[in-house]
Every structure is written in C-alpha cells, then in structure tokens.
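# Summary of the model geometry
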Amino acid sequence: MYGVIDIGSNTIRLALYKIIDNKIEMMLNKKYTAGLAQYIKKQHLEPRGIKTAVDVLNEYNLILEHIRVKRLYIFATAVFRNIDNTEEVLAEIKEKCGLKIQILTGDEEAAYDYYGAVQNSDLTDGLLVDIGGGSTELVVYENKKIIHTASIPAGSLTTYNSFVKNIIPDVSEIEEIKKFVNSELERISLPELKSDIICGVGGSIRASLKVLKELHEDIKNEYDISALDEIFSMIQTDKREITSLILAAAPERIHTLICGITILKTVAEHFGSKNVIVSKSGVREGFLCYQLEQKGVISCCRK
C-alpha cells in the first residue's frame, strides 16, 4: 500500500493505493475541504491557515497509524508555492506533524496531471486542463508525449475570493473572471493549438460533469462544451435552481463550482475546444506513478 497526501488551495486529500497488475488502484480517498486559499492575504498564509493544515494533516496521521503503507508521499501545489512564507509553513508542519512536504512547480503539477490522465485515456493528441482551487494547469501533448506545459494563477477558489461577493456569482462577476482568465492565457507561451477535445482533470471539472448528469441522465464521462450554457442561463433566470443542482451534485463546491466552470468555458473558447472528456485520474495518480516508476516498482507511467 502506498499513500499520497495532496495539499491544495481548496482541499487536502489522503489517497491510498495498491499495485495490481502493474497499475495503481485506489483503496481509499479521504477529502477535507480546508479552503486554505481563503487564509492567504497579500501572498502570506495566515496562522489560522497554517493551523487548519496542521489539524487536517494530524487527523490523517491518526488514520495512517492504523494502516501500514510502504511509502507516504506528500506534496502541495499553488497554495504553498505562491506564498511568501513557504519555508515557515513547511517548518511548522514538520515540527507539529512530522511530515516533509514537496512543493510542486506549475510545470511539475501539469506533467503529473498528464501522467495520471493517460492511465485511463486513449487520447493521443490534444489539450489537458486541470482546474484546481488556486491555479489552472495546461498540457499540450502529441503522440502521447508532453509538448508544452503552462500554469495560470486562476483557480476556482482564488477567483471566487477575488471576484464574487455572494455564494453564486452574478453575470457581471462571471464576466470579470473571464477577462482575468483571458488575460492570463494571453500572457503564457503555448504553441499554436486548436484542440477539439479537452481532457479534463481535477475536482472542478469532475463536479461539472456531476451537475450536468443531474440535468441529463444520458451523459457519461464526456460532454459538449455548449452544455455549460444551460448552467449559465440558470444563473440569469433562476439562481435557486442552479443552487439546488450544485447542492445535489457537489455540495462542498457550492461557492466555487461556477467559477471553475467559467474558467473551463473560457479556456475552451480560447483554444477552440468543443468537447470535454473527464478523466478519473489526475495529479495524485500521476505523481505516484512517476515516483514508483523511478524506483522500478511499476512501468506504466508514461506511454
């Protein structure tokens, strides 16, 4: 059994995996919606945020006392890499939890997203998008090889904190999020790309699929980007209905999901994408696959 703890801007997850037939299989997935990004002020993680992280990690330590794992891997993404007191945070967690955390760069996070997604995808060329709480990672791949990676500081939770006053954003707030995302997309350097299909990774995109399944039972693991227009229409005509849908499908994302969907729609329009295929695997699986392949435990990471 191998363990991975993923510290994100919105959630902190503990996942446990077994190796079966040269592939990793998830045995346990425990999530805590910590919302660490809300404790960041002027790029500084406040003591309340550090305490929240410590409390969650010590709760996971209690679980791990009763489960034998060969190796525990712990990493953090945008929430720790984009603050000015990273070393202080890491030192306090090490002291109070006994855990050493690896900070992933945006490019590393994007690459691990891809390594995880290809485990359950037959796509050979296109664009991978991971919308997290604090950032969005983009991967351009051809012939199942990474061509380019990029990361923009636009996540579902950070855009909520920056642009939204109430629980569900209004039309003007959605437009502000779109403008911000477009400005960040213009800033990054990606090859000229027109990709009909987006391989979607991460909680926001998986939650968007759940909401659409509440509306259309025949949807499987992919959908047309235009299907999101139905959600945006509800925001204009009946916020109560869209609120009920999110509460039914992904209640822990009631305040961030529309922001995540807005980021996805904006990215899709930027690259001319028409469809989203939602991957069951992502950064945690890709990270673990890569680490175990480096140690010669498995050989299925990069196809």
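The structure this text deals with has already been given above.
Residues numbered from 1 in each chain as written. Predicted model: local features only at pLDDT ≥ 70, side-chain atom pairs only at ≥ 80, totals over all residues. Heavy atoms only, no water.

### Looking at the sheet that holds strand E9 (residues 136-142)
Paired through backbone hydrogen bonds, the strands of a sheet run either parallel or antiparallel to each other. How we decide: Only strands joined by at least two bridges in the DSSP assignment are considered to pair. Strands are runs of DSSP state E lasting at least 2 residues, helices are runs of H or I lasting at least 4, and numbering of each runs from the N terminus. Only the contacting stretch of a helix is used when fitting its axis, a line to C-alpha atoms as for every element, and angles between N-to-C directions run 0 to 180 degrees. Only heavy atoms matter for contacts: two residues are in contact if any of them lie within 4.5 Å across the pair.
Ordered in space as E10-E9-E8-E11-E13-E12, the six strands form an open sheet in which the pairing is mixed. The sheet is open, and its two edges are formed by strand E10 (145-152) and strand E12 (222-224), each paired on a single side. Going from strand to strand, the sheet's axes swing by 25° on average, the running direction of each strand aside. In this sheet, E10 lies alongside E9 in antiparallel orientation, the contact comprising seven bridges. Considered in E10, the bridge of glutamate 137 is made with serine 151. Set on the sheet, helix H4 (residues 106-117) makes contact with strand E8 (126-131), E9, E10 and strand E11 (197-201); between it and E10 the angle comes to about 130°.

### Topic: the pairing of strand E2 (residues 12-20)
Relative to E2, strand E1 (residues 2-7) runs antiparallel, the two being bridged by six bridges. Bridge pairing in E2 links aspartate 6 to arginine 13. From the end of E1 to the start of E2, which pair antiparallel, there are four residues. Where E2 lies against strand E3 (residues 23-32), nine bridges are found, and the strand directions are antiparallel. Looking at E3, one finds that leucine 16 is bridged to leucine 28.

### Here we look at the side chain of arginine 13
Relative to the assigned elements, arginine 13 resides in strand E2. The residues touching arginine 13, leaving out its near neighbours within four places in the chain, are Val4, Ile5, Asp6, Asn29, Lys30, Lys31, Tyr60, Arg253 and Arg284.

Any functional reading would require information beyond the geometric quantities listed.
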